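Chains, contacts and geometry: an overview
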Amino acid sequence: MRDLVRPALIICLVLALPIVPFLFFGEQAERWVEDWEHRAYSTVLTFWLVVGVLALDIFLPTPSSMISTFGGSHLGIILGTLASWAGMTAGAVIGFWLARRCGQPLAAWLTNQRHLDRMQALSEKLGPLVLVFARGVPVFAEASVLLMGIHGLSWRRFLVPVVSSNLGIALAYSAFGDFAKKTDTLPLALGVAIVLPVILTIVVLKWMPKNT
């Protein structure tokens, strides 16, 4: 049980940080968002901000679900999906390329070795489909990319599941954010976008085979 609680708490703390302003300074935070939306070039800046932040997900504990939801609320479904998809795909490509070139030492530095071991056990059953399985799960999404890079998976077999999975995830969160904006429930939506990946992580940690 300790193996589940500790990583879940860390993920909760990391993902909760960006939503603190909405929880404690609700009106002021919403006012800041509205002011930002009315600034010149805010759409362009938000688009590239979403892309850039998500592209760094392989290096930093980025709350990608929250970023994608916020992107959808500001950019709309189409642009929000495009920005989230491009950012998540860029981050996965960078991680995969680095793992192919630098191998195990870099992968172990970028993620927990136990997570790599568990992904290894799962990949022995699912093969490249492990990339689809792990796409929406924090920590394991990155671990699966690095693991496939270590094993020298071909670019074609890597890109097909990653690109398609990222598109589905980006569309779902962007549509969620767009709906939340139209119904004035953005703070609640951001909270859900944080909690859902944490729940998925706990479930996956419990279900996945433990390394022996």
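Let me sum up the structure you'll find in this document. Please read all numbers here as calculations on a predicted model, not as lab measurements.

Right, let's talk about the overall build of the protein for a bit. In terms of regular secondary structure, the protein is built from 11 helices and 0 strands. Reading the protein from its N end, one meets helices and strands in the order α-α-α-α-α-α-α-α-α-α-α. Taken over 212 residues, the protein has a buried fraction of 47%. Across the protein, every contact between residues at least 6 apart in sequence was considered, and the portion connecting residues at least 24 apart equals 79%.

With the rule as written, the count across this model stands at 4 aromatic pairs. A centroid spacing of 5.2 Å and a plane angle of 80° characterise the contact between Phe 47 and Trp 48, whose relative ring orientation is edge-to-face. Residue Trp 48 is classed as exposed on the basis of its relative accessible area, which comes to 56%. Between Trp 155 and Phe 158, the aromatic rings sit 6.0 Å apart at their centres with planes inclined by 85°, giving edge-to-face as the arrangement. Placement of both Trp 155 and Phe 158 in helix H10 (residues 155-182) is noted, with a separation of 3 residues, approximately one turn of the helix. Classification of Phe 158 as buried rests on a relative accessible area of 0%. Chaining the aromatic ring pairs together yields one cluster made of Phe 96, Trp 155 and Phe 158.

Right, let's get into the environment of Gly 149. With respect to the secondary-structure elements, Gly 149 resides in helix H9 (residues 140-150). The exposure class of Gly 149 is buried, given its relative accessible area of 1%. Not counting the four nearest positions on each side in its chain, Gly 149 is found in contact with Phe 96, Ala 99 and Arg 100.

Okay, the packing of helix H4 (residues 42-55) against helix H5 (residues 64-102) next. For the pair H4 and H5, the least separation of the axes is 6 Å and the interaxial angle reads 35°. Between H4 and H5 lies a crossing whose hand is right-handed. Class assignment for the residues of the contact of H4 with H5 results in 16 nonpolar, 10 polar and no charged.

What follows deals with the side chain of Ser 84. Locating Ser 84 in the fold gives a position in helix H5. Every residue in contact with Ser 84, bar those within four places of it in the chain, is listed here: Val 50, Leu 54, Ser 68, Ala 170 and Ser 174.

Once that is clear, we can look at the environment of Gly 87. Turning to its location among the elements, Gly 87 is positioned in helix H5. The class for Gly 87 is buried, based on a relative accessible area of 0%. Each C-alpha atom, one on Gly 87 and one on Asn 166, is 9.3 Å from the other, the two residues being 79 residues apart in sequence. Look past the residues within four positions of Gly 87 in its chain and what remains in contact with it is Val 51, Leu 54 and Ala 55.

Glancing now at the environment of Arg 135. Tracing the sequence through the fold places Arg 135 in the loop between helix H8 (130-134) and H9. Along the chain, Arg 135 and Asn 166 lie 31 residues apart, while their C-alpha atoms are 7.1 Å from each other. Leave out the neighbours within four places in its chain, and Arg 135 touches Met 88, Ala 92, Ala 141, Val 145, Val 162, Ser 165, Asn 166 and Ile 169.

Thresholds, definitions, all that
- Residues numbered from 1 in each chain as written.
- Predicted model: local features only at pLDDT ≥ 70, side-chain atom pairs only at ≥ 80, totals over all residues.
- Heavy atoms only, no water.
- Helix = DSSP H or I, 4+ residues; strand = E, 2+ residues; numbered from the N terminus.
- Buried < 20%, exposed > 50% of the residue type's maximum accessible area, 1.4 Å probe, protein only.
- Contact = heavy atoms within 4.5 Å.
- Phe/Tyr/Trp six-rings, centres within 6.5 Å; stacked < 30°, edge-to-face > 60°.
- Axes fitted to C-alpha atoms, helices over the stretch in contact; angles between N-to-C directions.
- Left-handed = near helix turned anticlockwise from the far one by under 90°.
- Nonpolar A, V, L, I, M, F, W, Y, C, P; charged D, E, K, R; others polar.

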